[in-house]
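Chains, contacts and geometry: an overview
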Amino acid sequence: MSIPVVAMSEILSVAPQLRPEDMAAVAQAGFRSVIINRPDLEGGPEQPLSADVLAAADTAGLEGVYQPVVSGALTQADAERFAELVQTLPQPILAFCRSGTRCSILYRAASEILGQESAD
């Protein structure tokens, strides 16, 4: 796969912006789900719309979720939702945003939440 993927754990990796035409390669690489964390049109009209990426993901046999998170404005609710997705989506999961950094931050925050839940 020519997409620069960074493994955060055995179950989740992150990547920069993906396009509909990338979804078949994502599936071929063994991923079972994708999470889109980049809000539609954040990068302007040349950014692929989440609906188009999700349709291509479905065609490729992937489970897809659109969870837009504003860069630099991550909330506790964002982290909680990401943690829920990590727990419930088919694994392994590939999350993406503009550069992959936002997804990495979300995963770290979600890991703290999941760690707290397992300690309860």
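Residues numbered from 1 in each chain as written. Predicted model: local features only at pLDDT ≥ 70, side-chain atom pairs only at ≥ 80, totals over all residues. Heavy atoms only, no water.

1. Re the overall build of the protein chain
Let me state the cut-off plainly: By the criteria applied, helices consist of DSSP H or I runs no shorter than four residues and strands consist of E runs no shorter than two, each listed in order from the N terminus. Radius of gyration: over C-alpha atoms. The globule rule applied is 2.2 Å multiplied by the number of residues raised to the 0.38 power. In this analysis, two residues are considered to be in contact whenever any of their non-hydrogen atoms come within 4.5 Å of each other. We get accessible surface area from the Shrake-Rupley algorithm with a probe of 1.4 Å; when it comes to residues, only the shown protein chains can shield them. Positive charges are assigned to Lys and Arg, negative charges to Asp and Glu, while His and the chain termini are left out of the count. By convention, charge coordinates are those of NZ in Lys, CZ in Arg, CG in Asp, or CD in Glu.
Looking only at helices and strands, one finds four helices and five strands in the protein chain. Ordered by position from the N terminus, the helices and strands of the protein chain form the series β-β-α-β-α-β-α-β-α. Here the C-alpha atoms of the protein chain give a radius of gyration of 13 Å, agreeing with the 14 Å that 2.2 N^0.38 yields for 120 residues. Dimensions of the protein chain, computed from C-alpha atoms along their principal axes, come out at roughly 40 × 30 × 20 Å. Taking all contacts inside the protein chain whose residues are at least 6 apart in sequence as the whole, residues at least 24 apart take part in 76%. Surface exposure of the protein chain reaches about 6100 Å², of which carbon and sulfur atoms provide 51%. Distance from the positive charge centre (7 side chains) to the negative charge centre (15 side chains) of the protein chain: 6 Å.

2. What about the environment of Ile3?
Convention followed: Note on classification: 1.4 Å probe, protein chains only; a residue is buried when its accessible area is under 20% of the maximum for its type, exposed when over 50%, partly exposed between these limits.
Within the fold, Ile3 resides in the segment before β1 (6–7). Judged by relative accessible area, Ile3 falls into the buried class, the value being 11%. In this view, Ile3 contacts Ala15, Leu18, Asp22 and Val26; residues no more than four positions away in its chain are not counted.

3. Notes on the pattern of salt bridges
Worth spelling out the cut-off: Salt bridges are identified by distance alone: a Lys or Arg side-chain nitrogen within 4 Å of an Asp or Glu carboxyl oxygen.
Applying the stated criterion across every chain yields a total of four salt bridges. The salt bridge involving Arg38 is made with Glu42; its shortest N-O contact spans 2.7 Å. Overall, Arg38 belongs to the buried group, its relative accessible area being 9%. The partly exposed category is assigned to Glu42, whose relative accessible area is 34%. Via salt bridges that share partners, Arg38, Glu42 and Arg102 belong to a single interconnected network.

4. Focus: the nonpolar core
The nonpolar side chains of a soluble globular protein tend to be buried, and buried together. Short version of the rule: Side-chain atoms within 4.5 Å link the members of a nonpolar core, which is a set of buried Ala, Val, Leu, Ile, Met, Phe, Trp, Tyr and Cys residues.
Of all hydrophobic cores here, the largest spans 20 residues; its most connected members are Leu12, Ile35, Phe82, Val86, Leu89 and Ala95. Taken together, the elements giving at least two residues each to this core come down to β2 (12–15), α3 (76–88), β5 (93–96) and α4 (101–119). Counting residues per element, this core draws most heavily on α4, which supplies six residues. Aside from chain neighbours lying at most four places away, what touches Leu89 is Ser33, Ile35, Glu63 and Val65. Of all hydrophobic cores here, the second largest spans 14 residues; its members include Ile36, Ala57, Leu94 and Phe96.

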